[in-house]
Amino acid sequence: MSEAASTSGKVLGPVIFLGAPGAGKGTQSKKFVEMYGVPQISTGDILREHVSAGTALGRQAKEIMDRGELVSDKIVCMMVETRLSQPDCDRGFILDGFPRTLEQAKWLDGVLAAKTYEGKSLAPVVVDFEVSYNQLFKRLTGRRSCPTCGRIYNVYFQPPRVPETCDIDCSKLVTRKDDSEEAISVRLKSYEEQTRPLVEYYRQQGRLHVINGEESSEAVTKQALAALEADRR
Ligand code: AMP
């Protein structure tokens with residue numbers, strides 16, 4: 001039986017994908033969305049939607065994001081609260097890029113403690129994707145995405161067949177503004193200072209699964225799947 005067939009329809013509960021920018025959280029989230037039929041909640045994606053739509057929140061967040069700094073806890077928690085109240089989160093969800101600070105993690109603990117999934121109360125499964133600094137830097141500077149279908153490429157590791165062009169719909173690929181070398185340095189620094197402490201926070205809660213994010217995408221999926229299935233058995 002395929003992985004998608006054996007996992008679809010299962011109650012997954014809350015899953016947190018931790019890891020630095022470029023560690024593969026987004027790519028892996030998309031695979032798990034397909035396998036379990038639950039939504040990926042990426043605070044970065046929600047913020048970028050606000051920026052594109054030109055909302056008040058987007059205008060507030062844009063410059064902060066372009067510099068590679070973190071948006072305020074208050075704004076991000078409010079966004080997550082709204083998103084988690086939607087009915088597609090009833091069987092579970094994958095948090096990608098949230099929480100990123102201790103304040104966000106503590107706030108999330110309170111929200112999750114009050115939530116049930118088809119009547120079951122489930123603690124979060126936390127998966128930490130470990131990738132070295134040099135590898136992250138290359139992954140981020142090489143990252144390109146398709147503005148039409150969202151597919152992600154990397155000019156070093158996973159180039160499109162025709163340079164700068166999406167294999168699927170031939171759109172011209174784009175580089176995120178915060179994937180400039182300067183913004184990447186700021187993003188990796190804010191990860192080290194503000195997000196890495198969460199690894200210890202969840203380890204102490206006994207919720208943490210550390211996986212090697214430098215292996216092939218398929219091997220990383222296997223490790224993450226094993227972590228999820230171990231906690232949800
Ligand atoms: P990402 O796509 O997850 O790398 O996020 C892009 C940018 O959105 C980050 O560099 C931050 O500026 C902002 N952002 C995303 N998630 C959060 C969060 N949980 N807390 C604060 N800022 C965030």
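Residues numbered from 1 in each chain as written. Predicted model: local features only at pLDDT ≥ 70, side-chain atom pairs only at ≥ 80, totals over all residues. Heavy atoms only, no water.

**Some words on a nonpolar patch on the surface**
Together, Val-155, Tyr-156 and Phe-157 give the surface a local cluster of nonpolar side chains, amounting to about 280 Å² of exposed area. When you line up the elements, Val-155 lands in the loop between strand E6 (152-154) and helix H8 (181-195). (Patch = residues over 30% accessible without salt bridge, like charges linked within 9 Å, V, L, I, M, F, W, Y side chains within 5 Å. Areas by Shrake-Rupley, 256 points an atom, 1.4 Å probe, with all protein chains shown as cover. Salt bridge = Lys/Arg side-chain N within 4 Å of Asp/Glu carboxyl O. Helix = DSSP H or I, 4+ residues; strand = E, 2+ residues; numbered from the N terminus.)

**Here's the deal with unusual backbone geometry**
Here the bond from Phe-98 into Pro-99 is cis, since omega is 0°, no more than 30 degrees from zero. Its location among the elements puts Pro-99 in the loop between strand E3 (92-96) and helix H6 (102-113). A positive phi angle, near 60°, is found at Glu-164, a position not held by glycine. If you trace the backbone, Glu-164 turns up in the loop between E6 and H8.

**Re helix H5 (residues 73-84)**
The first and last C-alpha atoms of H5 sit 16 Å apart over 12 residues, in line with the 16 Å expected at 1.5 Å per residue. When H5 is considered as a whole, its buried residues turn out to be Ile-75, Val-76, Cys-77, Met-79, Val-80, Arg-83 and Leu-84. Those residues of H5 hidden inside the fold are in contact with strand E2 (40-42), helix H3 (43-53), helix H4 (56-67), E3 and H6. (Expected span 1.5 Å × (residues − 1). Buried < 20%, exposed > 50% of the residue type's maximum accessible area, 1.4 Å probe, protein only. Contact = heavy atoms within 4.5 Å.)

**Concerning the site of the ligand**
In the vicinity of the ligand, 16 residues are found, and the nearest of them are Thr-43, Arg-48, Glu-69, Gly-97 and Gln-104. Within the backbone of Glu-69, an N or O atom sits 2.5 Å from an oxygen atom of the ligand. A distance of 3.2 Å separates an oxygen atom of the ligand from a polar atom in the side chain of Arg-176. For the ligand, whose accessible area on its own is 480 Å², the fraction buried by protein is 96%. If one sorts the elements of the shell around the ligand by residue count, H3 sits on top with 4 residues. (Near = heavy atom within 4 Å. Polar contact = N/O pair within 3.5 Å; in protein donor to acceptor, adjacent residues only side chain to side chain.)

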